[in-house]
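If you want the building blocks of each chain, they are given just below.
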Amino acid sequence: MGPNLASLEISKCLKQLDAPTRVKILTTILAIMERRKKKLQSVDFSYTMYDDLFLKQFAEIENMSLSQISLSFFERAPIKEPGIIDILQCQNNIVHLDLSSFLNLTDFALIEISNSLHLLKTLKLNGCWLLTDFGVESIYKLDRLRILDLSDCDKISDRGFIKAIVDRKRDGMSQLFLSMLPGLTDGVILKICLTLLNLTVIDFCGSDCMNDTSVQFLFCYLKCLRILRLNGCVKISDAGLTGENLAVAAIEIWDVQTTFAICELRSLQELQLSGCFKVTDLTLMNAFRFRELREINLAHCVQISEQGIVAMSLNCPALEHVDLSDCFHVNDRCVESLSKHLLRLRLLKLVRLPLLTGASVDSLVNNCKVLRYLHIRGCHKLPKDSGDRLRKIPTLRLSDETHQRAA
């Protein structure tokens, strides 16, 4: 079976099985790995139920050199000599390591990663909540790092992060994920921007460190950004996104003040601003001018309305994914403008918009030529036959929520 098997994925499995059945399947998986160890390059066991004994047996497979490993762990692990340490010690050619939601990962395991995996380019530690500055500081040794995810590691502070990333040259680093980190302050943002000039992806969702001043540093220095995720950054307002009426300028030399607008990120392809409730039409009219932007999330931006949506649809013609859920000022004219001007529109979310009527359905049917996914529930003024009318869009993949009129 599979003599040239190079990649093995068994993710999100074995959760509903009884213990004997699970052990039998895991034993079979280990046998497959043993037989195909010379060809095997990648394994993905993320979000799959297994115990520390499985990890120990994994590590005992000799002459297997993996370049990519994805593991999650939800069971109790021994404090001394856990299985993950054994794996890290014997698999020292790993290039991509994803330990997201490995709940028992400790600082000592992270130190082992930094000491042993000198080829590592990708390190994902999302949700490893036991990690502290003591372990994170060791990331300093990983000089080939390209992608780092420390999201939801809420014990990390400025001190650990600066030692790990900012205190050495990182020209090759391209992606940084720092969402839900209450220990980071806005003081670290400028240091990130000055050190990681070639970032193409950055994620600060839900982080208190992002405000009108710190977001200006992103626009000033990170000109290569393609993906910017700021969902839930509630301190950001029009002033930060447009550079207008800022209390403090991003750069001030003598009497000359310089500010920046988000439209200066000319390569931006994805922008996530869900929950940034201070953002208004002013930003959409004055700063949303993107020729390459493909995805925009403005859900819960409750102050945007027709003026802003119309301007965005005219100035961002490449948009393919748009989310306006819970923007309760969005009306039929907004949907008409989106459907007419966004010729590439493939996914549209219009959830809980009380002003939409049958006119919006007509606009979508008449103008959308490539729309595939439509979420349009909780819009109480829509007629009962909306689902049947939307079936006239030949490319649309209808789901229950697409044609269901919420009560």
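Position numbers for residues start from 1 in each chain and track the written sequence from start to end. Only residues with pLDDT of at least 70 get local features here, since the model is predicted, and only at 80 or more are side-chain atom pairs given and counted; chain-wide, interface and lining totals rely on the full set of residues. In computing side-chain values, all of the structure's heavy atoms are included and hydrogens and water are not.

Undergrad: How would you explain the packing of aromatic side chains if you had to name every residue and give the values?
TA: Remark: the centre distance and the inter-plane angle together describe each pair of aromatic rings, the angle taken between the planes. Under the pairing criterion, centres of Phe, Tyr and Trp rings, with the six-membered ring standing for Trp, must be within 6.5 Å; the plane angle then separates stacked pairs below 30 degrees from edge-to-face pairs above 60, leaving the rest tilted. The full count for this structure, using the stated rule, is 8 aromatic pairs. Taking the centre distance of 5.5 Å and the plane angle of 70° together, the rings of F45 and F54 count as edge-to-face. When sorted by exposure, F45 lands in the same class as F54, which is buried. Ring plane angle 20° and centroid distance 5.2 Å describe the contact between F73 and F102, whose orientation is recorded as stacked. Of the two residues, F73 sits in the loop between strand 3 (68-71) and helix 3 (83-90) while F102 sits in the loop between strand 4 (96-98) and helix 4 (107-116), which places them 29 residues apart along the sequence. A relative accessible area of 2% means that F102 is categorised as buried. Put simply, the rings of F45, Y50, F54, F58, F73 and F102 touch in pairs and so form one group of aromatic residues. Note on classification: 1.4 Å probe, protein chains only; a residue is buried when its accessible area is under 20% of the maximum for its type, exposed when over 50%, partly exposed between these limits. Labels follow the DSSP assignment, with helices taken as runs of H or I lasting at least four residues and strands as runs of E lasting at least two, numbered in each case from the N terminus.

Undergrad: Break down helix 1 (residues 19-35) for me, citing the residues and quoting the values.
TA: Each helix should span, by expectation, one fewer than its residue count multiplied by 1.5 Å. The first and last C-alpha atoms of helix 1 sit 24 Å apart over 17 residues, in line with the 24 Å expected at 1.5 Å per residue. All of the buried residues in helix 1 are R22, L26, I29, L30, I32 and M33. Buried residues of helix 1 fall within an arc of 155° about the axis and therefore sit on the same side. Within helix 1, the exposed residues directed more than 90 degrees away from the buried face are P20, K24 and R35. By definition, residues are in contact when any of their heavy atoms lie within 4.5 Å. For helix 1, the secondary structure elements touched by its buried residues are strand 1 (7-9), strand 2 (42-45) and helix 2 (52-59). What the arc covers is the set of directions going from the helix axis to the C-beta atoms.

Undergrad: Provide a residue-level description of helix 7 (residues 187-195), including the pertinent values.
TA: Of all the positions in helix 7, only V188, I189, I192, C193 and T195 are classed as buried. Against the buried residues of helix 7 lie helix 6 (158-166), strand 7 (175-177) and helix 8 (212-221).

Function-wise, these values are silent; they only describe arrangement.
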